[in-house]
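Secondary and tertiary structure notes
Here are the chains, one letter per residue:
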Amino acid sequence: VMATGPPDSQARFGQSVKGLLTEKVNTCGTDVIALTKQVLKGSRSSELLGQAARNMVLQEDAILHSEDSLRKMAIITTHLQYQQEAIQKNVEQSSDLQDQLNHLLK
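What comes next is a walk through the structure. Just so we're clear, the structure is a prediction, and the values are computed from it rather than from any experiment.

Re the overall build of the protein chain
- From N to C terminus, the protein chain includes 1 helix and 0 strands.
- For the protein chain, whose C-alpha radius of gyration is 45 Å, the value lies well above the compact-globule estimate of 13 Å for 106 residues.
- The principal-axis extents of the C-alpha atoms in the protein chain amount to approximately 155 × 15 × 10 Å.
- Counting every position in the protein chain, which comprises 106 residues, the buried fraction comes to 0%.

The following block contains the structure:
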């Protein structure tokens, strides 16, 4: 009976150690999966930041282009106003000339 005692004890100890090792391996596996997910999430964040930076540059270019277009439109508006004033003066002068012609023809 005594001869089977120590092997039983050793077997139980071996099972206990095997159980602890299995538990530790499972925990490590879970930790590796969590770490992998975090790394992937981090690389995704980096990718999203890069995309946001590219979009910001595109928006900045669009804003600068719009500002340039607005400046050009302001210049064109000023030129059109000058042309309108010149046309208006010509119409007034033409009206005056017509009055003078009518007066001469009477």
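Some details on the pattern of salt bridges
- Within this structure, the stated rule accounts for 2 salt bridges.
- A salt bridge links Glu47 to Arg44; its shortest N-O distance comes to 3.0 Å. With Glu47 and Arg44 both in helix α1 (residues 5-105) and 3 residues apart, the pair spans about one turn of that helix.
- What makes Arg44 partly exposed here is its relative accessible area of 44%.
- With a closest N to O distance of 3.3 Å, Lys72 and Asp68 form a salt bridge. With a gap of 4 residues between them, Lys72 and Asp68 both fall in helix α1, about one helical turn apart.
- Residue Asp68 is classed as partly exposed on the basis of its relative accessible area of 29%.

Thoughts on a nonpolar patch on the surface
- Residues Phe13, Val17 and Leu21 make up a contiguous nonpolar surface patch of roughly 300 Å² in combined accessible area.
- Topologically, Phe13 is positioned in helix α1.

Considerations on the environment of Lys24
- Secondary-structure assignment places Lys24 in helix α1.
- Here the alpha-carbon distance between Lys24 and Tyr82, two residues 58 residues apart in the chain, equals 86 Å.

Definitions and cut-offs
- Throughout this document, residue positions are counted from 1 along each chain, in the order its sequence is written.
- Given that the model is predicted, a residue must reach a pLDDT of at least 70 before its local features are reported, and side-chain atom pairs must reach 80 or more before they are shown or counted; all residues, however, enter totals for whole chains, interfaces and linings.
- Only heavy atoms go into the side-chain values, all of them from the structure, while hydrogens and water stay out.
- Secondary structure follows DSSP: runs of H or I at least 4 residues long count as helices, runs of E at least 2 residues long count as strands, and numbering of each begins at the N terminus.
- Just to be clear, the radius of gyration here is over C-alpha atoms, and the globule rule we use is 2.2 Å times residues to the power 0.38.
- The rule is simple: take the accessible area with a 1.4 Å probe, protein chains only, and divide by the maximum for that residue type; under 20% is buried, over 50% is exposed, in between is partly exposed.
- Here, a salt bridge means any side-chain nitrogen of Lys or Arg that lies within 4 Å of a carboxyl oxygen of Asp or Glu.
- A residue counts toward a patch only above 30% relative accessible area and without a salt bridge, and it is joined to like-charged neighbours within 9 Å or, for Val, Leu, Ile, Met, Phe, Trp and Tyr, to nonpolar neighbours within 5 Å.
- Values of accessible area rely on a 1.4 Å probe in the Shrake-Rupley scheme; residue burial ignores everything except the protein chains shown.

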